[in-house]
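# Architecture at a glance
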Amino acid sequence: MKYLKLVTLLGTISLLLHTCKSTHINRDTDLLKKKQDSLAFELCKIFGLDQGIRTSPGPSNKWDFMLPIDSINFYKILDFTKAHGFPRQEVLGTANYSRECVQMSPIAVLLHTPHMLVNNKEYLDVFIEETNKKNLKKETLAFILDKYYVIRKDEFGNRRQLYGSQFGKPCKKYRKASDSIRAVIGLAPLPDSLFVQCKSK
């Protein structure tokens, strides 16, 4: 009889412990999901602002607002990255990260503000550190930074992209500059085949 009571008591304790553990796990899962949803929502708001000013008809002077909005969005992405790392699936959850506004938000904003990275080493270092942590591909960072150079032309009309990215191949005459700035973000020099002969007169 005592044995039966002991077995019953142990069974009850085991059930209570399992229930408490399950409740705790569910609570942790719910909290994680809420945090992921909140972070994803922030990124979507940033993306909406970034794209909205560009795609909506808006007032005739909407371009006057673009630079200030881009600047605000840049600092939001910078702060997000400092706090949570570069936006990625592990932080945001699979379902959230599959959304365009979540995945494209940081890339779109940084492509519109590459000067903030080129002209400020402190900001650039934040994203270089993310490449070192494998949260951001070095090639993606090179693509973002090349946007700064591709819209600039030299005295002969050559575009000055230096990193060698989707924007195009750099001029051979800029080889030293290309090697130097690629090294800063941890990329090897480009091979000869990825340089082009540009106009020089």
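In case you missed it, the structure is sitting above this.
Residues numbered from 1 in each chain as written. Predicted model: local features only at pLDDT ≥ 70, side-chain atom pairs only at ≥ 80, totals over all residues. Heavy atoms only, no water.

### Side note on the nonpolar core
- Residues F74, L92, L117, F127, L141 and I185 are the most contacted members of the largest nonpolar core, which totals 40 residues.
- Within the residue set of this core, elements represented by two or more residues are α1 (2-55), α2 (63-84), α3 (89-92), α6 (105-112), α7 (114-118), α8 (121-132) and α9 (138-150).
- Top contributing element to this core by residue count: α9, with 7 residues.
- Sequence-distant contacts of I185, that is, excluding residues within four places in its chain, are made with I128, T131, K138, L141, A142, L145 and Y163. (Core = buried A, V, L, I, M, F, W, Y, C linked by side-chain atoms within 4.5 Å. Buried < 20%, exposed > 50% of the residue type's maximum accessible area, 1.4 Å probe, protein only. Helix = DSSP H or I, 4+ residues; strand = E, 2+ residues; numbered from the N terminus. Contact = heavy atoms within 4.5 Å.)

### Brief notes about the packing of aromatic side chains
- Scanning the model with the defined rule gives 7 aromatic pairs in all.
- Seen in terms of ring centroids, F86 and F127 are 6.3 Å apart; in terms of plane orientation they differ by 80°. Their pairing is edge-to-face. One end of the pair, F86, is in the loop between α2 and α3; the other, F127, is in helix α8, and 41 residues separate them in sequence. Taken individually, F86 and F127 each receive the classification buried, so the pair is uniform in this respect.
- Site record: aromatic cluster; members linked through ring pairs are F74, Y75 and Y123.
- When the ring centre of Y148 is taken as origin, the NZ or CZ atom of R152, which lies over that ring, is 3.7 Å away.
- The ring of Y174 is capped by R160, whose NZ or CZ atom sits 5.0 Å from the centre of that ring. (Phe/Tyr/Trp six-rings, centres within 6.5 Å; stacked < 30°, edge-to-face > 60°. Lys NZ or Arg CZ within 6 Å of the ring centre and 35° of its normal.)

### As for the environment of H115
- Along the chain, the position of H115 falls in helix α7.
- Measuring from C-alpha to C-alpha, the distance between H115 and I144 comes to 9.7 Å, with 29 residues separating the pair along the chain.

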